[in-house]
Amino acid sequence: MTDGSVLIDEQSVLEQICSVCDRTARGKLIPVATLPQNIRTILESNTAAADEVCVACIELFNRAQRQIDSHATVFEQNDFVLPTPLRMDADERFTGRDVTIAFLDSGFYSHPDLTQPRNRIVAYHSIFAEDGDDTSLHTNDVASWHGMMTSVVAAGSGALSNGFYRGIASEANLVLVKIGRTGRISEDQIRRGLEWVLAHHEEHNIRVVNISAGGDFDESYLTNKLSQTVERCTHQGLTVVCAVGNAGHIPGHPVLPPASAPSCIAVGGLDDQNSLDRARRGMYRSSYGPTIDGLQKPEVIAPGIWVAAPILPRTPTAEEAALYSQLDAATDDELRSLLGQHEGIDKDLDQSGDLPIPLLRQLITIKLREGNVINQHYKYVDGTSFAAPIVSSMVACMLEANPKLTPQQIKRILIGTAERVSDIQVDRQGWGVINARRSVERAIALTRV
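In short, a report on the structure. (Residues numbered from 1 in each chain as written. Predicted model: local features only at pLDDT ≥ 70, side-chain atom pairs only at ≥ 80, totals over all residues. Heavy atoms only, no water.)

**Looking at the overall build of the protein**
- In terms of helices and strands, the protein carries 16 helices and twelve strands.
- The 449 residues of the protein split such that 56% are buried.
- In the protein, of all internal contacts separated by at least 6 residues, the share reaching a separation of at least 24 is 77%.
- Element-wise, carbon and sulfur atoms account for 49% of the exposed surface of the protein, whose accessible area totals about 19,500 Å². (Helix = DSSP H or I, 4+ residues; strand = E, 2+ residues; numbered from the N terminus. Buried < 20%, exposed > 50% of the residue type's maximum accessible area, 1.4 Å probe, protein only. Contact = heavy atoms within 4.5 Å. Areas by Shrake-Rupley, 256 points an atom, 1.4 Å probe, with all protein chains shown as cover.)

Okay, here's the thing in structure tokens:
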């Protein structure tokens, strides 16, 4: 008798209906009064009054709170991610025309932003294949992601966004050098790619080299082969721009080759909070010196977070982004039908077709934010890997304005026009945030000397 009563009680608990999502609760309902205040606030603003709520709803509201905590300041002033030329106040008269930038990265993809309205990829080389074999350039594998993003951040035309998310050097030519597969890129692989650039720079009119990869360990440039190759590049008239790394939060925050080479322009990360307000500027967690040789690195900083970058087409991530964007734009009446048409793309959404519309809308917003999705073609990314291409794109514009500039002059201009971020120590930011407009103006001024 007692056992039977217990069994009935357990069944009644399992069959309780959550008053928020109207679904059978998996386990005991939780009193709303016992929840943290921030979760209660979200719950009360999205649903009718409820005394108890299921565990699944609590998790949904917890996820929403995490997104509020991480994104509130970012979308406080703008409900979209700012395009790079706008946030850098770039001079739109200059777009890197007739200047070639070489990119060294794990892999690349012939993204429409690089091939439309014209194909600006003038050469492709993989250190793992024979010259002329561009098979991997058209393969959307995991190694293609990083280099596709760095090259498009710098020189994308914005073809898939009607020009909105273009790079500063949107008309520059590109040479793409694949130096990695999956996993870590070794220092020797970077050096081999750089040696190829050095051997072919005149053939392809390469003036700028972007390296968004780091070496193996801290070493003096006097003995490090990769750093010495960087110095040779500079001597041959190539401006080498290197990501300084993302180790600012660990002890020693080391700057590794090639960013530690004296002549390169090492770039750290700025966090501008997706705002044009200079008072909101802060630092990204980028590495900083002084180096083992006592050099100031980075020299300059550029946006290293909230940077618009492309999504690799024909991948699960692209499918998810397309679905989230479509759902976000749909009317309430269309939502459930769309979910039924796209089963299998997202497990959370597959299981949420019976949610009340307000909760479903909240889940869609969470999916957009958790995936850093801007729309079906772009997402926002972070890392000094993307700060460096922004500087490379600016250098291309400077060379368009004044083709006679030397690497040494370019570096001096960038340093001389940079703007220091207040209350940030010099070691972390170097000479400060690059100034796109003033850099080009200074480059033009030197043509008159």
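**Considering the layout of surface pockets**
- Volume-wise, the largest pocket comes out at about 470 Å³.
- As for the largest pocket, its lining consists of 26 residues, and the residues nearest its centre are Arg-184, Ser-212, Ala-213, Gly-214 and Ser-385.
- Of the residues forming the lining of the largest pocket, the biggest block, three residues, is contributed by helix α13 (residues 384–401).
- Considered class by class, the residues forming the lining of the largest pocket number eleven nonpolar, twelve polar and three charged. (1 Å grid on protein atoms, 1.4 Å probe; cavity = no way out; pocket = protein on both sides within 12 Å on 5 of 7 lines; lining within 4 Å. Points joined across faces, edges and corners; volume = space filled by probe spheres on them. Nonpolar A, V, L, I, M, F, W, Y, C, P; charged D, E, K, R; others polar.)

**Examining empty space enclosed by the protein**
- A full pass over the atoms with the stated rule returns two cavities of 30 Å³ or more.
- In this model, the largest cavity occupies a volume close to 70 Å³.
- Every residue along the wall of the largest cavity is listed here: Pro-83, Thr-84, Val-152, Val-153, Tyr-165, Arg-166, Gly-167, Ala-308, Ala-309, Pro-310 and Tyr-378.
- Among the elements that line the lining of the largest cavity, the one with the most residues is strand β11 (residues 307–310), at three residues.

**What about the pairing of strand β8 (residues 265–271)?**
- Among the seven residues that make up β8, seven are buried, leaving the element largely enclosed by the rest of the structure.
- One ladder, built from three bridges, connects strand β7 (residues 239–243) with β8; its direction is parallel. In the strand pairing of β8, Cys-242 is matched with Ala-266.
- Pairing of β8 with strand β10 (residues 300–303), which is carried by four bridges, proceeds in the parallel orientation. Of the residues in β10, the one forming a bridge with Gly-268 is Ile-301. (Pairing = 2+ DSSP bridges.)

**Thoughts on the packing of helix α7 (residues 187–204) against helix α8 (residues 225–235)**
- Where α7 meets α8, the axes come as close as 9 Å, and the angle between the chain directions of the two elements is 20°. It follows that α7 is roughly parallel to α8 by the angle criterion. Every pair of crossing elements has a handedness; the one defined by α7 and α8 is left-handed. Residue-level contacts link Glu-187, Ile-190, Arg-191, Leu-194, Glu-195 and Leu-198 of α7 to Lys-225, Leu-226, Thr-229, Val-230, Arg-232 and Cys-233 of α8.
- Per-class residue counts for the contact of α7 with α8 are six nonpolar, one polar and five charged. (Axes fitted to C-alpha atoms, helices over the stretch in contact; angles between N-to-C directions. Parallel < 35°, antiparallel > 145°, perpendicular 65-115°, else oblique. Left-handed = near helix turned anticlockwise from the far one by under 90°.)

**What to know about helix α14 (residues 407–417)**
- For α14, the complete set of buried residues consists of Pro-407, Ile-410, Lys-411, Ile-413, Leu-414 and Thr-417. Buried residues of α14, viewed axially, fall in a sector of 160°; they line one side.
- Each element contacted by the buried residues of α14 is listed here: α8, β7, β8, β10, α13 and α16 (436–446). (Arc of directions from axis to C-beta.)

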